Amino acid sequence: MKRILPPVIVGIAAIVAWQLTVTLGRIAPFILPAPSAIWDELVEQKQNVWEAALASGENALIGLIGGSVAGVLVAMVASRFRPIAEISIPFAAVVSALPIIALAPILNNMFESTSSIPRRLVAAIIVFFPVFLNTLRGLREVDPIHQELMHTYAASGWTFATKVRLPGALPYVFTGLRQASSLAVIAAVVAEYFGGLQNGLGSRITSAAAFTAYPRAWAFVLGACLLGLVFYLTTLLLERLAMPWRSRLIA
Amino acid sequence: MSAVVVDKVTKVFNQGRSDEVTALSEVELTVGDGEFVSLIGPSGCGKSTLLRLIADLIEPTAGTVTVAGKNAGQARRDQDYGIAFQQAGLFEWRTVRRNVELPLELRGMGKTDRKTRAEEMLELVGLAEFAGHYPAQLSGGMQQRVAIARALAVQPPLLLMDEPFGALDEMTRERLQTELLGICAKTGTSTVFVTHSISEAVFLSNRVVVMSARPGRITASVAVDLPARDEAARQSEKYFEHVTAVRQALRGVPASL
């Protein structure tokens, strides 16, 4: 309770300050709508926000799962064969420096206009790097005593990988996943700005803004924010479930 | 049959390079069945190297190592020894019981059998009620006991220990020494025990092997004959005589015993 209270108070204070600034300062709604206006819009549009969030969420989720699985698998291969790691790390650095979102319009042209694949691809590519890099680091950090012990048990490479390397790397994998979960939502929403199907939060934000319906645009932004939070918190929960030896220490 | 035979073993690290080090030179050591042998000596005398050669974690440059009548590599693959290091080296993601089960699991033992065996071993080291805990929830001494239980789980004829109590406080250390002796007596396990501590070596061993550095070799072997190994033995005259003998051997004075 003591840990929850301060951020809640600060949050409420910020919203009140925002409301007062807008109403007392007579700020035009197309510059900054009042929180109350956004809230009214959110309540009114809740069915639309919900459906749009489901559409964007589905893209983000598929991208997140695809990119994470690929990231973990490639990291496993790279940790096994040193040359691959040495080649792939600079590549990963270069490609992750690319603004992948900027690929969205190009990818859109590669597929049909009603296809969700380009968005999922963008999300997957963005997710791939944090998961890959963190997992690789985790897989490489093996306690030398564990290595020797497994040697005295005459354990095969596969046994070593599944019983020592992978569980030892789990905390790192989840560090990557936590970063990736929010990125996946951002990528899926922003990728919608560049055309294609008009069913997600991103396209709703652009169309609301185009109709100068700013409180509505903000309501969808709020929806995107909540969607990102849901992804992040789910990852946190999974992390706890996957690593009971950690959560039990906190408890 | 002897538990361990080390025959004219020489170990050179970084051979042929400018930083070449002769860690061991022509070392001979025999450990009889059921015997408890301590290796003692200054840092860099190669006592850990010798233990790792017996464990087949490294290979000798010259000479042979025989464990349970086989070459060391075969003995390792057959899990003919259990090993414990200075750090417990437990797997933090496994419960205490599943840590002890790991060597059994890798041997292909069935689920219920290994559970029973692991619980037996934990009983032996007095940690039965902690079977479901995770290692990080235990104290250092308890973790070390789990590591010993794990080393004993396959019921190996030979136990190799590299300063297993080195990181523990004196009280815990003495208690674990007594426990270890009890376990070895009960199971008839032969033991090779590396230590820095003269008193620990004398209290535990049938024989204390004294080594010297650069190049590492065995300089003396002190047989320890104590009527009993209990708290009273730690205060006995005979015990102190042996401690003195080992100390003198370490300093290079010919042993009087």
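Values in this document were obtained by computation on a predicted structure and should not be read as measured data.

A few points about the overall build of chain B
Consideration 1: Across its full length, chain B carries eight helices and ten strands.
Consideration 2: Computed over the C-alpha atoms, the radius of gyration of chain B is 18 Å, within 12% of the 18 Å expected from 2.2 N^0.38 for a compact globule of 257 residues.
Consideration 3: By its C-alpha atoms, chain B is 50 × 45 × 35 Å across when sized along the principal axes.
Consideration 4: Relative to its 257 residues, chain B shows a buried fraction of 43%.

Examining helix α1 (residues 47-54) of chain B
Since the α-helix packs 3.6 residues into each turn, any two residues three or four apart lie on the same face.
Residues and elements named next belong to chain B.
Consideration 1: Counting buried positions along α1 gives seven out of eight residues, so the element sits mostly inside the fold.
Consideration 2: Residues of α1 that are buried include every one of Lys 47, Thr 49, Leu 50, Leu 51, Arg 52, Leu 53 and Ile 54, and no others.
Consideration 3: Remark: Asp 56 follows α1 within two positions and exhibits a positive phi of approximately 60 degrees.

Re the sheet that holds strand β5 (residues 70-71) of chain B
Residues and elements named next belong to chain B.
Consideration 1: Read across the open sheet, the four strands follow the order β2-β1-β4-β5; overall the sheet is antiparallel. Each of the sheet's edge strands pairs with one partner strand only, and the pair in question is β2 (21-31) and β5.
Consideration 2: The sheet contact formed by strand β1 (residues 4-13) and strand β4 (residues 62-67) spans five bridges and is antiparallel. Its bridge partner being in β4, Val 5 is matched across the sheet by Thr 66.
Consideration 3: Taken strand by strand, α1 contacts β1, β2 and β4, and its axis lies near 120 degrees from that of β1.

Overview of the sheet that holds strand β9 (residues 207-212) of chain B
Residues and elements named next belong to chain B.
Consideration 1: A sheet is described by the order of its strands in space; here six strands give the open sequence β6-β7-β8-β3-β9-β10, paired in mixed fashion. The two strands at the open ends of the sheet, each matched to only one other strand, are β6 (81-84) and β10 (217-223). Looking at each pair of strands side by side, their axes are set apart by 15 degrees on average, direction ignored.
Consideration 2: Along the sheet face, helix α5 (residues 140-152) touches β6 and β7 (158-162) and points at about 165 degrees away from the line of β6.

Some words on the pairing of β4 of chain B
Residues and elements named next belong to chain B.
Consideration 1: Sheet analysis places β4 next to β5, joined by two bridges and oriented antiparallel. Bridged to Thr 66 within β5 is Asn 71.
Consideration 2: Taken together, β4 and the strand that follows it, β5, pair antiparallel across an intervening segment of two residues, in which Ala 68 is found at a positive phi of about 50 degrees.

As for the nonpolar core
Consideration 1: Residues Ile 54, Leu 160, Val 210 and Val 246 of chain B are the most contacted members of the largest nonpolar core, which totals 74 residues.
Consideration 2: With six residues, the top contributor of residues to this core is α5 of chain B.
Consideration 3: Shared between two domains, this core takes at least three residues from each, and those domains are domain 1 (4-80 + 157-251) and domain 2 (90-155) of chain B.
Consideration 4: Apart from the residues within four sequence positions on either side, Val 246 of chain B is in contact with Ile 40, Ile 198, Ala 201, Val 202, Val 208, Val 210 and Val 222 of chain B.
Consideration 5: The next biggest cluster of nonpolar side chains, apart from the first, holds 53 residues, and it includes Ile 38, Ala 123, Leu 139 and Leu 177 of chain A.

A short note on the interface of chain B and chain A
Consideration 1: The partner chain A presents 16 residues to the 17 residues of chain B that form the contact.
Consideration 2: Sorting the residues of the side of chain B that touches chain A by element identifies α2 (72-77) and α3 (96-106) of chain B as the ones contributing at least two each.
Consideration 3: Its residues assigned to classes, the side of chain B that touches chain A comprises ten nonpolar, four polar and three charged.

Parameters at a glance
Residues numbered from 1 in each chain as written. Chains lettered and ligands numbered in written order. Predicted model: local features only at pLDDT ≥ 70, side-chain atom pairs only at ≥ 80, totals over all residues. Helix = DSSP H or I, 4+ residues; strand = E, 2+ residues; numbered from the N terminus. Rg over C-alpha atoms; globule rule 2.2 N^0.38 Å. Buried ≥ 20, exposed ≤ 12 C-beta atoms within 10 Å, placed from the backbone. Pairing = 2+ DSSP bridges. Contact = placed C-beta atoms within 7 Å. Axes fitted to C-alpha atoms, helices over the stretch in contact; angles between N-to-C directions. Core = buried A, V, L, I, M, F, W, Y, C linked by C-beta atoms within 7 Å. Domains from an automatic or database assignment. Nonpolar A, V, L, I, M, F, W, Y, C, P; charged D, E, K, R; others polar.

Everything listed here is a matter of coordinates, which is why it stays silent on function.
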